[in-house]
Amino acid sequence: MKFSTRAPTALTLTLAGFAGCAAMEPAPAQLADGVLVGPGGMTLYTFDKDVANSGKSACNGPCASNWPPLMAISTDHASGDYSIITRDDGARQWAVNGKPLYYWSKDSKPGDKTGDGMLKLWQTAKPAPKMSGYSAPRMGGY
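What counts as what
Residues numbered from 1 in each chain as written. Predicted model: local features only at pLDDT ≥ 70, side-chain atom pairs only at ≥ 80, totals over all residues. Heavy atoms only, no water. Helix = DSSP H or I, 4+ residues; strand = E, 2+ residues; numbered from the N terminus. Buried < 20%, exposed > 50% of the residue type's maximum accessible area, 1.4 Å probe, protein only. Contact = heavy atoms within 4.5 Å. Lys, Arg positive; Asp, Glu negative; His and termini not counted. Salt bridge = Lys/Arg side-chain N within 4 Å of Asp/Glu carboxyl O. Polar contact = N/O pair within 3.5 Å; in protein donor to acceptor, adjacent residues only side chain to side chain. Pairing = 2+ DSSP bridges.

A.B. asks: How should I be thinking about the overall build of the protein in this particular structure?
C.D. replies: Regarding its fold elements, the protein presents 2 helices and 8 strands. In the protein, the order of α-helices and β-strands from amino to carboxyl end is α-β-β-β-α-β-β-β-β-β. Taken across its 142 residues, the protein has 30% of its residues classed as buried. Taking all contacts inside the protein whose residues are at least 6 apart in sequence as the whole, residues at least 24 apart take part in 60%.

Shown next as structure tokens:
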């Protein structure tokens, strides 16, 4: 009786693929009422003085007291539209589309958006725009 060495290899690759799926982490923010919210449902904001993809926050010290960062812990990993920046104090902060994410200290309950437009520098955080109306090309010529 002959045994094929392909079956164990295929099984190993399949199991490796499932292991990768199990390691996927949930996004640090969710969409609610058209804006991104952090754990607990509080609205997240972006700061116009932050330069996208710079890996830096322009909101430190007293600014960060009013606009607390959405912090990332040491085991968090960037994924998709979400990245992690290192703040001036060495702490890690979540960013979306390269822009650091913050809460507004004056929002008191989920759904509050009282920081939107503040000083014409703070905006509610929104997900990356997705291409609409796009269809994948058909394969096989049918």
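A.B. asks: Honestly, the side chain of arginine 87 in this entry has me stumped. Any pointers?
C.D. replies: With respect to the helices and strands, the residue arginine 87 is situated in the loop between β5 (82–86) and β6 (92–96). No salt bridge is formed by the buried arginine 87, whose closest oppositely charged neighbour, aspartate 89, lies at an N-O distance of 4.3 Å. Within the structure, the side chain of arginine 87 is placed 2.7 Å from the side chain of glutamine 93, a separation counted as a polar contact. Sequence-distant contacts of arginine 87, that is, excluding residues within four places in its chain, are made with Ser57, Cys59, Asn60, Ala64, Pro69, Met71, Gln93 and Tyr102.

A.B. asks: How do you make sense of the pairing of β5 when you look at a structure like this?
C.D. replies: Regular strands place side chains that alternate from one sheet face to the opposite one. The pairing of β5 with β6 spans 5 bridges and is antiparallel. By the bridge assignment for β6, tyrosine 82 is matched with valine 96. Following β5, the chain reverses through 5 residues before pairing antiparallel with β6; glycine 90 in that reversal takes a positive phi of roughly 90°.

A.B. asks: Teacher, can you tell me more about unusual backbone geometry here?
C.D. replies: What you tend to see is this: most non-glycine residues have negative phi, and most peptide bonds are trans. Positive phi is not limited to glycine here, since asparagine 97 has a value of about 55°. The topology assignment puts asparagine 97 in the loop between β6 and β7 (99–100). Under the relative-accessibility criterion, asparagine 97 is labelled partly exposed at 34%. Although it is not a glycine, lysine 120 adopts a positive phi angle of roughly 55°.

A.B. asks: Quick question: what am I supposed to make of the pattern of salt bridges here?
C.D. replies: For side chains of opposite charge, pairing can occur when their charged atoms come near one another. Per the stated rule, a full pass over the model turns up 2 salt bridges. Where aspartate 33 meets lysine 113, a salt bridge forms, and the shortest distance between an N and an O atom there is 2.7 Å. With aspartate 33 in the loop between β1 (30–32) and β2 (35–37) and lysine 113 in the loop between β7 and β8 (122–124), the pair connects residues that are 80 residues apart, well separated along the chain. Lysine 113 sits in the partly exposed class, given a relative accessible area of 30%.

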